[in-house]
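Close look at the chain arrangement
The residues making up each chain are set out below.
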Amino acid sequence: MKTPRRFIASVSLLTVLAALFCIPLASQAQKNSLTDFFDQKKAAAADAGVKTEINVSLLPQDAKAGETVTLSIAVILPEGAYTYSTAPTFGGATKIKIDDAKGLTAIDQHFNADHPPKTVFEPLFKKEVEKFEKHVIWSRRYKVNQDVTKPSQVIINGQMDYQVCNADRCVALQHPFSAMLTGKQETAPLSITKVPERRSQPDPVELSFVLTPAKSNPEKLVQLKITMKLEEGFHTFALDQDKTQAGLPTHIELFKLEGLKPVSRQFAVSPEPKQETHGEYNQRTHYDEVVWTREFERLPDAKAIGVEGKLKYQICNEGSCRPPLPVEFQLGSLTNAQPVAMSSLEELKEPDSDDALIIASEGENQSLASYLFFAFLGGLILNVMPCVLPVVAIKVMSFVQQAGESRTRIFALNIFYSLGVLTVFLGLASLAVFAGLGWGGLFQSTKFNIIMACIVYAMGLSMLGVFEIPVPGMVGSAASGQQKEGLPGAYLTGILATLLATPCSGPFLGPVLAWSVIQTPAITYLVWSVMGLGMASPYIIFSVFPKAINYLPKPGMWMVRFKEFSGIVLMGAVIFIISFLDESLTIPVLIMLLGITTGLWMIGSLYSHNSSFQKKMIVRTAALLLTAGIGLFGYSMSQKSANELPWVPFNVAELEKLKTENKTILIDFSAKWCLTCKLVEQQALNTPETLEMIKKHNIVPVYADYTDYSPTIKSLLDKYNSVSIPLTVILPANRPNEPIIIRDVYTQSTLLNALNEAVAVPPAAKSAKRELVSTAAQ
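Residues numbered from 1 in each chain as written. Predicted model: local features only at pLDDT ≥ 70, side-chain atom pairs only at ≥ 80, totals over all residues. Heavy atoms only, no water.

This part is about the overall build of the protein. Secondary structure assignment for the protein yields 17 helices and 33 strands. Pairs at least 24 residues apart make up 72% of the contacts formed inside the protein by residues separated by at least 6 positions. Split by element, the accessible area of the protein, about 39700 Å² in all, is 58% carbon and sulfur. (Helix = DSSP H or I, 4+ residues; strand = E, 2+ residues; numbered from the N terminus. Contact = heavy atoms within 4.5 Å. Areas by Shrake-Rupley, 256 points an atom, 1.4 Å probe, with all protein chains shown as cover.)

Written out as structure tokens, the structure reads:
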């Protein structure tokens, strides 16, 4: 059925009239709402139960020219609320904008959080987002400019755009802020809240330390109040817990007091600890929340009060316990503090820990034998973890080659492999005992990760046939079928396999390792040694029963193909290791790997076994020098130069402000993916001579980061007729419309000449844009 034309015309007319009528109403409503917009937002936040407390500070307050200050923005969220991180991948992320920073030059490019956010999958956005709960502190370091003569010249203004959400809703808020230096020496706060961390992961505990007038006599007495809030399912132990009863007591120690004298002999606690019995062990525990308090008398002539101390606690849940963690605190003024030595229970004598076996897992009253059993089982399972499978596969192929060998040699090869495994486990036990470094802790070291990436990469090249490792029987050589496995190679292969296993943690290892690190050193070494025996046990079995080798496939071409496939897997392991590193180290490490590839390719391809000794030495020396040169270049890129210019992040408003202040401006258009840009920065920009000139003539260096596409930077590049980077533009003072442009790669002398021209030539003497062609480009 056709729709009548009159009906369509009527509907259209009504739509037009409705639009004409609604537009004025909408405009008026918008005008009225804009005046109260932010008030309504804040009211909505309060109604939603997401009211937050925000504190902004610029410390130290008495910083002078050339010194470093930190801008901190502390956000305290109510129970059940959260806010988002500053990760730019999410549209609702927190954004902190600096509008004005007088007398300051940014050191950090971004604001950094005091602890990592929780990453959760958000079904609404169909992606992972980063959230902060309870509280977060964002901070950024600045350097006070050399021309600052008094504190009042330093002031910073900005705005934080953020969302606060709970289970019902999210509210978008804005918080303008301002901070300045006062010149007065600040004191520590009288209250602080901390969420302790273990290896960059927050503990399920919140601690608050407060120094406040005592209710009993607020004029004379001061109370130190320490509150611990534990997540559901966790508990801690009382101050008087017997450490021989499967749990370590909480310990509070005071180091310094200022203007205070202790009144009470020990800390009071509320609520009283629960008395629990688990098998033969009696424990005194706290759940949910516990408060420790101690009173002090304020000295009559005290101008300020303060206290410094440390809380050491252990927490457990139903299945396991975590090692004790110390948390230091400072409250109030400590300028004239006197050292003291006061513990939580002055009259308590601690039993000798060397005579007691502390079993930390109060949920399961296990014996030493049971822990050793699970340590052995956990070590055995490590052989099938993804981290170590490539090396174990090559070891299996060496078993194939051992077919037909004498029983004595087979036994020796597998024993040497097992000794390599045990060597690493004993070394890790030593790190756990003397350095507090747990399983996988080595991979928290950047240097160790880089070294491991290089070693594993070299092993992968060997498996792919680029070269042959000269150690008899080492991974990649024994597997090639060219030579039999040797004792040194077997030992080194065991070491490599164990090191590769440390990023993985299989079943049973978590509780066993957590328990072992709080035992006596003898017990710790015993547990880790048994774990090593567990990992080495399959190879020990093959050494005792050599006929088991006959059940493996016979040698053949499949071994070469399997070796090559294992090389590809090892390349994946290299990517896995590099992912541990800071993003800024990715390119330098890849350059180092390029150097290793070049050198090993030369060694594997430019001479043969029949070549003369002289030719071999020439190629090897050239390969070593070339690899070292490329590696050192990559290493130099990873090092932050001590002569780095005090770069100011590019901002249009900041650029216009600097122009109005008649500052000479140096703009570096660069990007992280631009290798020539990094070369220019290293050889010309971030050098002692350039830094000296920047400081001498008060030139402001601005860093225009083009790593991610920026329409603002693109328009500026178009303005200077540039379609590529690097590009350096110098805007002389008083004549910013006459820029000096240096394109592409250039030398330090080219830059210094341009800077001299910018600061030396009077404004009237120049009337046109100057463009320099670098000597390097010529």
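With that settled, the discussion passes to helix 15 (residues 688-696). For helix 15, the set of buried residues is Thr690, Leu691, Met693 and Ile694. Across the axial projection of helix 15, the buried residues extend over an arc of 165°, all falling on one side. Exposed residues lying more than 90 degrees from the buried face of helix 15 are Glu692, Lys695 and Lys696. (Buried < 20%, exposed > 50% of the residue type's maximum accessible area, 1.4 Å probe, protein only. Arc of directions from axis to C-beta.)

On to the packing of helix 6 (residues 446-463) against helix 11 (residues 586-605). Between helix 6 and helix 11, the shortest axis-to-axis distance is 10 Å and the interhelical angle comes to 35°. The two elements helix 6 and helix 11 meet at a crossing, and its hand is right-handed. In this structure, helix 6 contributes Ile450, Ala453, Cys454, Tyr457, Ala458 and Leu461 to the contact, and helix 11 contributes Val589, Met592, Leu593, Ile596, Thr597 and Leu600. When the residues that make up the contact of helix 6 with helix 11 are grouped by side-chain class, the tally is eleven nonpolar, one polar and no charged. (Axes fitted to C-alpha atoms, helices over the stretch in contact; angles between N-to-C directions. Left-handed = near helix turned anticlockwise from the far one by under 90°. Nonpolar A, V, L, I, M, F, W, Y, C, P; charged D, E, K, R; others polar.)

At a minimum axis separation of 6 Å, helix 3 (residues 368-381) and helix 9 (residues 521-544) run at an interaxial angle of 40°. Compared by their axis directions, helix 3 and helix 9 come out oblique. Like other packed secondary-structure pairs, helix 3 and helix 9 cross with a definite hand, here right-handed. Contacts between helix 3 and helix 9 pair Leu368, Leu372, Ala375, Phe376, Gly379 and Leu380 from the former with Ile523, Leu526, Val527, Val530, Met531, Leu533, Gly534, Met535, Ser537 and Pro538 from the latter. Of the residues assigned to the contact of helix 3 with helix 9, the class counts are 13 nonpolar, three polar and no charged. (Parallel < 35°, antiparallel > 145°, perpendicular 65-115°, else oblique.)

Taken in spatial order, the four strands line up as 21-22-17-25 in an open sheet, and their pairing is antiparallel. Across the chains shown, the open sheet's two edge strands, defined by having one partner strand only, are strand 21 (274-278) and strand 25 (315-316). (Pairing = 2+ DSSP bridges.)

Taken residue by residue, the protein gives an average pLDDT of 76. The fraction at 70 or more is 73%. The lowest-confidence element of the protein is helix 1 (residues 5-35), averaging 39 in pLDDT; the highest-confidence one is strand 17 (residues 235-237), averaging 93. Confidence drops under a pLDDT of 50 for residues 763-768, and excluding neighbours within four residues, the segment shows eight contacts in the predicted structure. Here residues 773-778 is modelled with pLDDT under 50, and outside its nearest four sequence neighbours on either side it reaches twelve contacts, counting other chains as well. (pLDDT = per-residue confidence, 0-100.)

Moving on: the pairing of strand 24 (residues 306-313). Along strand 24, six of the eight residues are buried, which leaves the element largely enclosed by surrounding structure. Summarising the sheet, strand 18 (residues 251-258) and strand 24 pair through seven bridges and their orientation is antiparallel. Note on strand 24: the bridge partner recorded for His251 is Lys312. In the sheet, strand 24 pairs with strand 26 (residues 325-332) via eight bridges, with the strands oriented antiparallel. Of the residues in strand 26, the one forming a bridge with Val307 is Leu331.

Taken as a whole and judged by the stated rule, the model has 14 salt bridges. In this structure, Asp240 and Arg284 form a salt bridge, with 2.9 Å as the shortest nitrogen-oxygen distance. In this pair, Asp240 is assigned in the loop between strand 17 and strand 18 and Arg284 in strand 22 (residues 281-287), connecting sequence segments 44 residues apart. With a relative accessible area of 23%, Arg284 lands in the partly exposed category. It is possible to trace a salt-bridge network through shared partners that takes in Asp100, Lys657 and Glu661. (Salt bridge = Lys/Arg side-chain N within 4 Å of Asp/Glu carboxyl O.)

It is worth spelling out the environment of Ile54 at this point. Here Ile54 is to be found in strand 1 (residues 53-59). Take Ile54: its relative accessible area is 14%, and that puts it in the buried class.

This part is about the packing of aromatic side chains. For the structure shown, the criterion picks out six aromatic pairs. Taking 5.7 Å as the distance between ring centres and 85° as the angle between the ring planes, the aromatic pair formed by Tyr82 and Tyr84 counts as edge-to-face. Neither residue differs from the other here; Tyr82 and Tyr84 are each classed as buried. Judged by centre distance (5.4 Å) and plane angle (65°), the rings of Phe373 and Phe374 are edge-to-face. Its relative accessible area of 25% is what places Phe374 among the partly exposed residues. Above the ring of Tyr82, the side-chain terminus of Lys131 is found at 4.1 Å from the ring centroid. (Phe/Tyr/Trp six-rings, centres within 6.5 Å; stacked < 30°, edge-to-face > 60°. Lys NZ or Arg CZ within 6 Å of the ring centre and 35° of its normal.)

Looking now at helix 17 (residues 748-760). Its 13 residues place the ends of helix 17 18 Å apart at the C-alpha level, agreeing with the 18 Å of an ideal helix rising 1.5 Å per residue. Buried residues of helix 17: Thr750, Leu751, Leu752, Ala754, Leu755, Glu757 and Ala758, and no others. (Expected span 1.5 Å × (residues − 1).)

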